[in-house]
Amino acid sequence: MLEEIKLLLGNSVTSFSDAQIGLAAKMALQFVEDYTGCEADYSLTLLAERIAVISLNRMNTEGLSSMTFNGTSESYLNDIPEDIKKALNRKRKVLFV
């Protein structure tokens, strides 16, 4: 899982330590399992890797929705992308009470 996340990070991998990447991976995997109510299989692990990359890329921008500097604007995602949400929802177990 760590090697895959490093590949997805591309050149920005040098900005993160192995400990940061490992922690982001654990947190993303736990989020996926908690959200779906399922133990992570291969497809959920892939989604967790994507969520870990998003989490790492958002590091140090918590709370920002956008930023402008010298005429350049950046916008930040505040949620999980729709395609990941849809994939998680397909795997989600629903409890009826």
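Residues numbered from 1 in each chain as written. Predicted model: local features only at pLDDT ≥ 70, side-chain atom pairs only at ≥ 80, totals over all residues. Heavy atoms only, no water.

Novice: Help me understand the layout of surface pockets in this model?
Specialist: The probe, sized like a water molecule, is rolled over the atoms to show the empty space still left. What the largest pocket holds in volume is close to 210 Å³. Lining the largest pocket are Ala24, Met27, Ala28, Phe31, Ile51, Ile54, Ser55, Arg58, Asn78, Asp79, Ile80 and Pro81. Counting residues per element, the ones that place at least two in the lining of the largest pocket are α2 (18–36) and α3 (42–58). For the lining of the largest pocket, a count of residues per class yields eight nonpolar, two polar and two charged. (1 Å grid on protein atoms, 1.4 Å probe; cavity = no way out; pocket = protein on both sides within 12 Å on 5 of 7 lines; lining within 4 Å. Points joined across faces, edges and corners; volume = space filled by probe spheres on them. Helix = DSSP H or I, 4+ residues; strand = E, 2+ residues; numbered from the N terminus. Nonpolar A, V, L, I, M, F, W, Y, C, P; charged D, E, K, R; others polar.)

Novice: Help me understand the pairing of strand β2 (residues 72–75), please; the structure alone is not making it clear to me.
Specialist: One face of the sheet, then the other: side chains in a regular strand alternate in exactly this way. Judged from the four bridges that link them, strand β1 (residues 66–69) and β2 form a sheet pairing that is antiparallel. From the neighbouring strand, Ser66 faces β2, where its bridge partner is Ser75. (Pairing = 2+ DSSP bridges.)

Novice: Is there a simple way to think about the environment of Asp79 in this case?
Specialist: Mapped onto the elements of the fold, Asp79 is located in the loop between β2 and α4 (82–91). We classify Asp79 as partly exposed; its relative accessible area is 42%. Once the C-alpha coordinates of Asp79 and Ile54 are considered, the two residues, 25 residues apart in sequence, prove to be 9.7 Å apart. Sequence-distant contacts of Asp79, defined by excluding residues within four places in its chain, comprise Arg58 and Lys85. (Buried < 20%, exposed > 50% of the residue type's maximum accessible area, 1.4 Å probe, protein only. Contact = heavy atoms within 4.5 Å.)

Read these as layout, nothing more, since geometry by itself doesn't imply function.
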